Amino acid sequence: MRTKIRIADRMVGDGQPVFVIAEIGINHNGSLEIARKLIDGAVLAGCDAVKFQKRTPELCVPRSQWDVERDTPWGRMKYIDYRRRVELGRADYEIIDRYCKDRGILWFASCWDEESVDFIESFDPPCYKAASASLTDLPLLRKMRATGKPLIVSTGMSTMEEIERAVATVGEDDLLVAHSTSSYPCPVEQLNLRMIETLRRRWPHVPIGYSGHEVGLAPSWAAVAMGATFVERHITLDRAMWGSDQAASVEIVGLVRLVGNIRDIERSLGDGVKRVYDDEVKVRAKLRRAGADNGVSHENGVVQGRA
């Protein structure tokens, strides 16, 4: 049996509803108003959680890039000033925390440095996420693990050896692993969804999921059919908005379709035991040739073979 992991009041793992994460990330562009609209969209779609990204710009931006000027929606500015501009502060997260609680949706964050872990931990999140870029940052993984919260790790841009090292570092308890390819947007031929099966075989007691960056929804649905126990997709109000993640994101209308069809897929998978359903009985009586012995009987709806 695979481990089922509790994230707040949800259980994540085989046999449980797919845990759907709407990644807001930095698609709010530093705007609390946009962040709230994206939370509303996630609630409307029936997502389980929204996820943000938290950075300390001075720690995450290489010093050599601080003074490089770039065009931004607010004019031309130094890159370090842009990174500060798109970060939400404590007052913003206090509002987000209350807003998510009022709307009945979980929220957490992927933290890109140790100070950000301390910052987010003050809000007592239900879990943490290590972005693909952080998979080899073992001190950061240990910092998130030290909170005692479940940890989700994404595996984009990583070798199998790097994934092995990360899992060995944090251990398998309360761990969830997401298959991912870090291209934005990701060409379908690079999605390699069969890695979900590879990860499930390698870590049979760890819930395996999918973090997608493709254009469209079909691969995410396929991931669920292949056994992904959680799905994460970036969301946006408009894919044409400013930002590096917008083009690989799902707009709210698409998010509603994504979640609705995930729930249909869950219900359609069944348990793998062949049975004759009540709705089939009349059809069976009508279409089977009279007097034919097909070598089967059914008891309690389950088809039984006869020697």
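Definitions and limits used
Residues numbered from 1 in each chain as written. Predicted model: local features only at pLDDT ≥ 70, side-chain atom pairs only at ≥ 80, totals over all residues. Heavy atoms only, no water. Helix = DSSP H or I, 4+ residues; strand = E, 2+ residues; numbered from the N terminus. Buried < 20%, exposed > 50% of the residue type's maximum accessible area, 1.4 Å probe, protein only. Contact = heavy atoms within 4.5 Å. Areas by Shrake-Rupley, 256 points an atom, 1.4 Å probe, with all protein chains shown as cover. Core = buried A, V, L, I, M, F, W, Y, C linked by side-chain atoms within 4.5 Å. Disulfide = S-S within 2.5 Å.

A closer look at the overall build of the chain
Here comes step 1: A count of helices and strands for the chain gives eleven helices and 15 strands.
Here comes step 2: Dimensions of the chain along its principal axes, counting C-alpha atoms only, are 85 × 40 × 40 Å.
Here comes step 3: Counting the 307 residues in the chain, one finds 49% classified as buried.
Here comes step 4: Summarising the internal contacts of the chain: among those between residues at least 6 apart in sequence, 64% fall at separations of at least 24.
Here comes step 5: About 15,000 Å² of surface is accessible on the chain, with carbon and sulfur atoms providing 50% of the total.

A closer look at the nonpolar core
Here comes step 1: Core analysis: the biggest nonpolar cluster contains 66 residues, and Val-50, Phe-52, Ile-96 and Leu-255 have the highest contact counts within it.
Here comes step 2: A total of seven residues in this core trace back to one element, the largest contributor, which is helix H1 (residues 32–45).
Here comes step 3: Discounting chain neighbours no more than four positions away, the residues touching Ile-96 are Leu-32, Ala-35, Ile-39, Phe-52, Leu-88 and Trp-107.
Here comes step 4: Formed by 13 residues, the second largest nonpolar core is a distinct cluster that contains Phe-19, Ile-21, Ala-49 and Cys-127.

Description of the state of the cysteines
Here comes step 1: In total, this model carries zero disulfides according to the counting rule given.
Here comes step 2: In this model Cys-127 remains outside any disulfide bridge; the closest cysteine sulfur is found in Cys-111, 10 Å from its own.

So yeah, pure geometry; function would need other evidence.
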